[in-house]
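As a plain string of letters, each chain reads:
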There are 2 protein chains.
Amino acid sequence: MKKISHTSPSKIVLLIIDGVGGLPHPEIGQTELESAEKPNLDQVAKESICGLIDLISPGITPGSAPGHLAIFGYDPVKYSIGRGIIEALGIDLELKPRDIAARGNFCTIDNKGIITDRRAGRITTEKNAQLCRLLNEKIAINGVEILVTQVKEHRCVLILRGEGLSPELTDSDPQQVGLAPKKIEALLPQAQRTAEIANEFISQARRLLRSARNDIPSANMVLMRGFSHLPDIPSMAEIYKLKPAAIAIYPMYRGLAKLIGMQILPAGNNITDQLESLHRYYKDYDFFFIHFKTTDSRGEDGDFEAKVQAIEEVDNALPNLLNLNPDVLIITGDHSTPASLAMHSWHPVPFMLRSKWCFPDRVSEFSERACLEGGLGRFPAVEIMPLAMANALKLDKFGA
Amino acid sequence: MKKISHTSPSKIVLLIIDGVGGLPHPEIGQTELESAEKPNLDQVAKESICGLIDLISPGITPGSAPGHLAIFGYDPVKYSIGRGIIEALGIDLELKPRDIAARGNFCTIDNKGIITDRRAGRITTEKNAQLCRLLNEKIAINGVEILVTQVKEHRCVLILRGEGLSPELTDSDPQQVGLAPKKIEALLPQAQRTAEIANEFISQARRLLRSARNDIPSANMVLMRGFSHLPDIPSMAEIYKLKPAAIAIYPMYRGLAKLIGMQILPAGNNITDQLESLHRYYKDYDFFFIHFKTTDSRGEDGDFEAKVQAIEEVDNALPNLLNLNPDVLIITGDHSTPASLAMHSWHPVPFMLRSKWCFPDRVSEFSERACLEGGLGRFPAVEIMPLAMANALKLDKFGA
């Protein structure tokens, strides 16, 4: 791809409707997409070549990070991004290249050291902040900087910053109640010192959380998992010679976009703001990633009707994207989130690509069943970027 | 494949209609194949299993060489064939295994050494021949044989023949005007001597082209690119235990076929002659590759009507192939060349395979949209040869 891609003035716009794929409602027999009033999305489908994408591979439910990476053309198995890094990106933490990040849970252990509540009674974010301040102030370990930051409710992120650290560590979190937290072990010899540092952090944290300094008795321990550092990943500029930009409201998606070299543009508070931003910066970049989250959130709530409304919200806003008439417009999702399952799922996701050269198929509706009949068939998401680049006439011929 | 293939009397005929795939005409909404009157091709489609092939991978536009290699079952990324070799094959040059070939352009440079015309004003092939004679007569470099051969207009091929040469060299051609030709560099230490020879060739050529011996002042320099040698590639006899033959009019396709061990048969001047040759040699081989070029040429001209006529020309000739009733008949293309794009494109190519054992689908027309509904779906071209061999009953069971 590096060898055959070239820069040109054509514009690619990629709209990710997070978790857009769904399942038929048990009573009405239609999916969220099939139920929604979405004349604009359906019109784009008529002018597009359509298909269904598998983000990772059939049967595999993608997390948000690998789902997006696959769409951006990165093998999501090769470029796996650790839980700790995802959590740090999700709260807009500035990471240095060799920082080790881990996800933490404040939890409750009994006097035998057995975990009785993995979420410390779902303490409030405010109480969480108070705990993080305590740990940041009091924990000191030689030769390493310690940074604990609150996330929502019982969750936090730990950053270890220093020389010669390795993320090759096991978790302390056994991921179930009724067990004691595990000792962190080095998975490679060079991670031995980092394992000692991590265990020392937990030991000091435990002492502080059980002391009189902590007035939240349910949070008397912290569980750590997903030690990781920033992956070594080539930028989109390097691979595709693009000048890419992201318009995303949620920090995790901005963080992920930044990781592969996208410029982060202002996104405002909703899809209307995002498309205003697209207009404002349209001339300055040649690739735009726009991320819409609500479909996934309502799907995870198990709220079919609210997910239908979120789809309609995108559809209502769409004319202000279509009036730019990008050379290549792609609309898809990073995974399915059927309201009936109330979680991410493995089902392939509707996909459409519109360009002057796309060879439209007979699909006239943006939905799971309609896209199954599409000209692209069912295909792996990592093939999206080559298709986008080809339709933007940004690829040279391969071989003579 | 080597382990399970065996020789048998059954015959496989592979007809490549170069660049046959197209895009809908902007006014009539039909592709070149959809517009053509082609009762014989459509009849074969009815009796075949059909599909759409991706030559390299989705979105990637194949050159003719990798497109054909994929159809012959060779991974086109693994077996890449350099520009110089392609050019040499294209003019029927006899190459020795360790020859280094490079593509040359006679060009114009100004008195500061800056390229002002990469094609030397598109000099005639006759003037080109005169330049090549001059270089062949006058250039001498110790320990290496130099052979310059004219191609069409401003193009030539340079062969370096000798011991210990390496093709791991950069180009001197910067591929744009306004720059000076680049010095050729060795990409590997063992190519150092070859780099010196190549630079010495250019230096002597430059002197000769600027001297009074050259009466074509626009051609005062030569640009070199694509240094390469014959790839180390197993023959079709080795892999498939076939005795294969090629009936191709254009030298590049004959050269490519020879490279993988096909016998080159007389091809005459048109598809009618080619099918006569097929009859004549039918008993002597068990695999025939027939190459039809005009569809690609007219597509590259951007001439929709002429490409339709070229398809009809194949269709008219087809009865003289069908009357041989080969055990396996495959008809497809090595890439799409939509007249609307006037170049090779990435769009998948209609494919059909007819045999007693093919399990025909419901496709009744040989076209892009019809083949999308075919029993083979969309699939990689490297799978064609296993399918051909299976349908010819030339493959053993894999495993017990």
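The coordinates are above.
Topic: the environment of Phe351 of chain B
Residues and elements named next belong to chain B.
Here is step 1 of the chain: Looking at the secondary structure, you find Phe351 in strand β12 (residues 349-355).
Here is step 2 of the chain: The buried category is assigned to Phe351, whose relative accessible area is 0%.
Here is step 3 of the chain: Residues Phe351 and Ile330 lie 21 residues apart in sequence; the distance between their C-alpha atoms is 7.4 Å.
Here is step 4 of the chain: Contacts of Phe351, omitting those with residues within four sequence positions, involve Ile49, Cys50, Gly51, Ile53, Ile330, Ile331, Thr332, Phe366, Cys371, Leu376, Phe379 and Ile384.

Observations concerning the interface of chain A and chain B
Here is step 1 of the chain: Counting residues at the interface gives 20 residues for chain A and 29 residues for chain B.
Here is step 2 of the chain: Both faces considered, chain A and chain B share a buried interface measuring about 1,900 Å² in area, 71% of it formed by carbon and sulfur atoms.
Here is step 3 of the chain: Contact with chain B buries surface across chain A, with Phe359, Phe398 and Ala400 of chain A losing the most and accounting together for 39% of the total.
Here is step 4 of the chain: Counting the contacts that link chain A with chain B gives 1 salt bridge.
Here is step 5 of the chain: Across the pair Glu373 of chain B and Arg362 of chain A runs a salt bridge whose closest N-O atoms are separated by 3.8 Å.
Here is step 6 of the chain: Viewed at the interface, chain B and chain A are joined by 3 residue pairs in polar contact (both at pLDDT 80 or more).
Here is step 7 of the chain: A per-class count over the side of chain A that touches chain B returns 13 nonpolar, 4 polar and 3 charged.

Some thoughts on the nonpolar core
General note: in soluble globular proteins, nonpolar side chains tend to be found buried as a group.
Here is step 1 of the chain: Counting residues in hydrophobic clusters, the biggest one holds 202 residues, and the most contacted among them are Ile331 of chain A together with Leu278 and Ile331 of chain B.
Here is step 2 of the chain: When residues no more than four places from it in sequence are discounted, the contact partners of Ile331 of chain B are Leu15, Ile17, Leu41, Val44, Leu318, Pro350, Phe351, Met352 and Phe366 of chain B.

Observations concerning the sheet that holds strand β8 (residues 244-248) of chain A
In a beta sheet, neighbouring strands are held together by backbone hydrogen bonds and run either parallel or antiparallel to one another.
Residues and elements named next belong to chain A.
Here is step 1 of the chain: The 8 strands lie next to each other as β9-β8-β10-β1-β11-β12-β2-β13, forming an open sheet whose pairing is mixed. Strands with a single pairing partner mark the edges of an open sheet, and in this sheet they are β9 (263-264) and β13 (377-380).
Here is step 2 of the chain: Bridge count for strand β2 (residues 49-54) against strand β12 (residues 349-355) is 5 bridges, and the pairing is antiparallel. Bridging from a neighbouring strand, Ile53 pairs with Val349 of β12.
Here is step 3 of the chain: Contacts from helix α3 (residues 64-71) reach β1 (12-17), β10 (287-292) and β11 (328-332), with the element oriented near 155 degrees to β1.
Here is step 4 of the chain: The strands touched by helix α14 (residues 384-391) within the sheet are β1, β2, β10, β11, β12 and β13, with β12 carrying the most contacts at an inclination of about 15 degrees.

Looking at unusual backbone geometry
Residue and element names in this part refer to chain A.
Here is step 1 of the chain: Of note in the backbone geometry, Ala120 takes a positive phi value of approximately 50 degrees without being a glycine.
Here is step 2 of the chain: Tracing the backbone shows Ala120 in the loop between β4 (115-117) and α5 (125-138).
Here is step 3 of the chain: For Phe359, which is not glycine, the phi dihedral falls at a positive 60 degrees.
Here is step 4 of the chain: Note that Phe359 resides in the loop between β12 and α13 (368-371).

Structural notes on the relation of the copies chain A and chain B
Here is step 1 of the chain: In the superposition of chain A on chain B (RMSD 0.2 Å, axial shift 0.5 Å), the rotation amounts to 121 degrees. These values place the two chain copies in the arrangement generated by a three-fold rotation axis. Closest approach to the rotation axis within chain A is made by the C-alpha atom of Gly377 of chain A, at a distance of 4.6 Å.

What about the side chain of Ser64 of chain A?
All names here are of chain A.
Here is step 1 of the chain: With respect to the helices and strands, the residue Ser64 is situated in helix α3.
Here is step 2 of the chain: Residue Ser64 is classed as buried on the basis of its relative accessible area of 12%.
Here is step 3 of the chain: In terms of polar contacts, Ser64 uses its side chain to reach the side chain of Tyr253, at 3.3 Å.
Here is step 4 of the chain: Beyond its immediate chain neighbours, meaning those up to four positions away, Ser64 contacts Met252, Tyr253, Leu256, Asp334, His335 and His344.

Here's the deal with the packing of helix α5 (residues 125-138) of chain B against helix α6 (residues 192-210) of chain B
Residues and elements named next belong to chain B.
Here is step 1 of the chain: Here α5 crosses α6 at 120 degrees, and the two axes come no closer than 10 Å. Compared by their axis directions, α5 and α6 come out oblique. Considering the relative orientation of α5 and α6, their crossing is right-handed. Counting all contacts with α5, which are made through Leu131, Leu134, Leu135 and Lys138, the residues of α6 involved are Phe201, Gln204, Ala205, Leu208 and Leu209.
Here is step 2 of the chain: The class makeup of the residues in the contact of α5 with α6 is 7 nonpolar, 1 polar and 1 charged.

So, how was this worked out
- Residues numbered from 1 in each chain as written.
- Chains lettered and ligands numbered in written order.
- Predicted model: local features only at pLDDT ≥ 70, side-chain atom pairs only at ≥ 80, totals over all residues.
- Heavy atoms only, no water.
- Helix = DSSP H or I, 4+ residues; strand = E, 2+ residues; numbered from the N terminus.
- Buried < 20%, exposed > 50% of the residue type's maximum accessible area, 1.4 Å probe, protein only.
- Contact = heavy atoms within 4.5 Å.
- Buried area = accessible area lost by both parts, 1.4 Å probe.
- Salt bridge = Lys/Arg side-chain N within 4 Å of Asp/Glu carboxyl O.
- Polar contact = N/O pair within 3.5 Å; in protein donor to acceptor, adjacent residues only side chain to side chain.
- Nonpolar A, V, L, I, M, F, W, Y, C, P; charged D, E, K, R; others polar.
- Core = buried A, V, L, I, M, F, W, Y, C linked by side-chain atoms within 4.5 Å.
- Pairing = 2+ DSSP bridges.
- Axes fitted to C-alpha atoms, helices over the stretch in contact; angles between N-to-C directions.
- Least-squares fit on C-alpha atoms with pLDDT ≥ 70 in both.
- Parallel < 35°, antiparallel > 145°, perpendicular 65-115°, else oblique.
- Left-handed = near helix turned anticlockwise from the far one by under 90°.

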